[in-house]
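Breakdown of the fold
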Amino acid sequence: MRGPACLGAALLACAALPAVAQPLGAPVAVAGLAKPARIVVDKWGVPHIYAASQDDVFFVQGFNAARDRLFQIDLWRRRGLGQLASVFGPAYVEQDRAARLFLYRGAMAPEWQAYGKDAERTSARFVAGINAYIDHVARRPELLPFEFRQLGYQPARWRAEDVVRIRSHGLTRNLTHEFARARMVCRAGANGLEADAVRARLSPAWTTRVPEGLDPCLPDDALEVFQRATDPVRFSRRAQLAAHTDPAPIVPLPDAATLEGSNNWVLAPSRTATGRPILANDPHRAYGAPSLRYIVHLNAPGLDVIGAGEPALPGVSIGHNGKVAFGLTIFSIDQEDLYVYHTNPANPNQYRYGNGWEDFRIMRERVEVRGRPASVVELRFTRHGPVIYQNAGKRLALAVRTAWNAPGMAPYFGSIDYMKAQDFTQFRRAMRRWGAPTENQVYADTAGNIGWVTGGLAPIRPNWDGLMPVPGDGRYEWKGFLDGARLPYAYNPKQGWFASANEMNLPGDYPYREHKLGFEWPDNARARRIAEVLTATPKASMEDMERLQNDVVSLNAKRLVALLGRLSSPDRDTQAALRLLGAWDGEEKATSAAAALYEVWWSRHLGNAFKTAVLAPELAAAIDAPHASVLIDALEQPASRFGADALRKRDAVLLNSLAAAWAEMRSLQGSDPQRWQWGKLHFSMFVHPMAPILDSAGRAQVNVGPLPRGGGLHTVNVSGYHADNFWQIHGASFRMVLDVGNWDNSRAINTPGQSGDPGNPHYRDLAASWAEGKYFPLLYSREAVEKAAGQVIELVPAK
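Reading guide: rules and limits
- Residues numbered from 1 in each chain as written.
- Predicted model: local features only at pLDDT ≥ 70, side-chain atom pairs only at ≥ 80, totals over all residues.
- Heavy atoms only, no water.
- Helix = DSSP H or I, 4+ residues; strand = E, 2+ residues; numbered from the N terminus.
- Rg over C-alpha atoms; globule rule 2.2 N^0.38 Å.
- Buried < 20%, exposed > 50% of the residue type's maximum accessible area, 1.4 Å probe, protein only.
- Contact = heavy atoms within 4.5 Å.
- Phe/Tyr/Trp six-rings, centres within 6.5 Å; stacked < 30°, edge-to-face > 60°.
- Salt bridge = Lys/Arg side-chain N within 4 Å of Asp/Glu carboxyl O.
- Axes fitted to C-alpha atoms, helices over the stretch in contact; angles between N-to-C directions.
- Left-handed = near helix turned anticlockwise from the far one by under 90°.
- Nonpolar A, V, L, I, M, F, W, Y, C, P; charged D, E, K, R; others polar.
- Polar contact = N/O pair within 3.5 Å; in protein donor to acceptor, adjacent residues only side chain to side chain.
- Disulfide = S-S within 2.5 Å.

Right, let's get into the overall build of the protein chain. Each helix and strand in the protein chain was counted, giving 25 helices and 29 strands. In summary, the protein chain has a C-alpha radius of gyration of 26 Å against a globular reference of 28 Å for 799 residues, a match within 12%. Judged by the C-alpha coordinates and their principal axes, the protein chain covers about 85 × 70 × 60 Å. Across the 799 residues in the protein chain, those meeting the buried criterion constitute 62%. When contacts within the protein chain are restricted to residue pairs at least 6 apart in sequence, those whose partners lie at least 24 apart make up 73%.

Bringing the packing of aromatic side chains into the picture now. Each aromatic ring pair is characterised by the separation of its centres together with the angle its planes make. Throughout the structure, instances matching the rule amount to 43 aromatic pairs. Taking the centre distance of 5.0 Å and the plane angle of 70 degrees together, the rings of tyrosine 341 and tyrosine 351 count as edge-to-face. Residue tyrosine 341 is located in strand E10 (residues 336-344), and its partner tyrosine 351 is located in strand E11 (residues 347-353); the two are separated by 10 residues in the primary sequence. The same class applies to tyrosine 341 as to tyrosine 351, namely buried. Ring plane angle 80 degrees and centroid distance 5.6 Å describe the contact between tryptophan 678 and phenylalanine 726, whose orientation is recorded as edge-to-face. You can see tryptophan 678 sitting in helix H22 (residues 678-681) and its partner phenylalanine 726 sitting in the loop between strand E24 (720-721) and strand E25 (727-732), a full 48 residues away along the chain. Judged by its relative accessible area of 2%, phenylalanine 726 falls in the buried class.

Moving on, we come to the pattern of salt bridges. Scanning the entire structure with this criterion turns up 48 salt bridges. Note that aspartate 633 and arginine 201 form a salt bridge whose closest N and O atoms lie 2.8 Å from each other. Of this pair, aspartate 633 sits in helix H20 (residues 628-636) while arginine 201 sits in the loop between helix H9 (192-199) and helix H10 (224-230), and the two are 432 residues apart along the sequence. Linking lysine 774 and glutamate 772 is a salt bridge whose minimum nitrogen-to-oxygen distance equals 2.9 Å. Taken together, the shared-partner salt bridges connect Arg38, Arg782, Glu786 and Glu794 into one network.

A few words now on the packing of helix H17 (residues 572-582) against helix H18 (residues 593-614). Contact geometry of H17 with H18 gives a least axis separation of 9 Å together with a crossing angle of 115 degrees. Once H17 is placed against H18, the crossing between them reads as left-handed. Of the residues in H18, those in contact with Ala577, Leu580 and Leu581 of H17 are Ala593, Ala594, Leu597, Tyr598 and Trp601. A per-class count over the contact of H17 with H18 returns eight nonpolar, no polar and no charged.

This brings us to the side chain of asparagine 321. Among the secondary structure elements, asparagine 321 is positioned in the loop between strand E8 (318-320) and strand E9 (324-330). By relative accessible area, asparagine 321 is classed as buried at 10%. There is a polar contact of 2.8 Å between the side chain of asparagine 321 and the backbone oxygen of methionine 419. Here the side chain of asparagine 321 touches alanine 421 through a polar contact of 2.8 Å, landing on its backbone oxygen.

Here we come to the state of the cysteines. Within the structure shown, the criterion is met by one disulfide. Residue pairing for cysteine 186: its cysteine sulfur links by disulfide to cysteine 217, the two sulfurs lying 2.1 Å apart. The chirality of the disulfide connecting cysteine 186 with cysteine 217 is right-handed, given an S-S dihedral of about 105 degrees. One end of the pair, cysteine 186, is in helix H8 (residues 175-188); the other, cysteine 217, is in the loop between H9 and H10, and 31 residues separate them in sequence.

Structure (structure tokens):
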């Protein structure tokens, strides 16, 4: 069925979508393709691309990415390059300006060289494939995705450098924490750092200090431009073109930018039931429709790689190449600093540096605006980086120094190098050049070897630790970057396995005081649970690893329940709450009443009660939530935080907050706790970016869910959610378990589906399986792929 042409003022009233996906037909003549190629789409929506050369396979990867995800990758490009206003109107000019501040603006030769051999050629072929599909759509306009029709614009053509110049989609590292820490010092003076230790635990053991010369009292809106630069695209009726009067409620887009996490582990043959290595990975990202990751198989002479990657980038970042398998989590290297400047009272275009004044570098760029004349925006830079705030009256400016600005820092693009590695030495060599995001990579090969390699560009800060903003007058300068060979790694560890879950995992003998890679890490509950299960499983099966990825046992919950075991209360409801949690095993199933009570207690009551008890009111108000490890450690060792009469104060925090949670559960799900269920509160909803401007019928066709969910923020099957409505916005949308060497026995899932077209059967077909913890076979051999073919697309060179 042909999609509607919904243009101009009528775009919001037109919510009907294509009922079925448009077939491409066969064969498809494509200009730019050297020899015939084939895309075999299996029954789970995974494209297996077979081409006669690597040039052609990356060309077809781009063509296929556009075939399945054209609106998603076009939106990614426009957001990253700062070109949203040209198609969405004046409401996006400021976001465009912010994005342009963080574009890579250095020389392209060292940029391409940083990624290894043939990087520019690979990118050029990939975008040529995207452009070829855009040309194909121009010839067959019925193939244009509905989003372009709804919003009334056409997809843009790509250049090779577009892929790597965009940096603002990378996971950021600690700038917002620097700002929060400075504000605590501003509020509490010398006691601010001690109070901030409730918000964020520093690890390894470290004591920070206020940098000399810093005024920590920064403006409330100091990071607004930075947040615009890193925000997703948000649609609203008000921001769109004229006369939109549909009164249907707006579905808000959740902001999961501050959430991070992933799990990966690898087992040696001695620890598996298969006698071969097993590698498992479930990276955690913000949820949406379509998924942020895309599974693809690339087969050409000298290359046979399969796995997940970013839809808008060539190659694969998580998967295997028939010889070597790899999977990633975030490793918390601090790659950002906030610099604070005094500006010249006689010339606001200058800032203090050393003993004199230095000029801002000022650029003016034209931003095209739909429906209005173009805007000219001003971009300012210091020697350290883009200026995100300036107030001439206060003689104040702020700029961000970030490793993003260095060559080789396009997030995930460097995977085109390591995905070709044939052994651990080659893999580690490729990771030595890795820029962003900062990663733990687990490794396995068909010879039975396993390993762990960290990667990321690490600034050298000779005289400070990166934990607070610093004056930009020359006293705090980076001295280059740490050689990637000096980052930690392991090869064939004695225990026969290695796992990471974003925890602080620097080896005990690592010289962290010298290198100062980073001191802010997520809570380690997931890592402890993975280690607990792997240690207790001497011969792990593939099915064991699937179960571990879907595990919802919370070790933090078990620690808190143990604290409640010695308590009692004369209040009948509080005592009932103690009984319910006391009989619970800490497994956060969707059907669990105890899990519902626990999560309401944890997310809405316990943290607030704790920070109020241990901090002054003005400091407690400045913290959103205590760091989980700090909170639980303090409750287990109350003398460390509660002062005099610590046990009584600690017990009061536990009992009073639990009583409040019980009362809230009664209001949420009724007075009978036997009818309570965590999954009745907690849900997943995969929201399409355009959902806020569609009517209810349109939203039903583009959104996927709601799906009842179990788990929490500290379970292996992680669930980051909005505490105000328990909507899960963050977790593992892609999971992979690889049987290294018996590749067709590998499994994967990618929710809600592979396609970005709501009319395609593969748009939402994997969501139910994902919610049930199920997988599909990640087929690799040509024979197995052909047997599971659901669609075959033949491409031939245009004459």
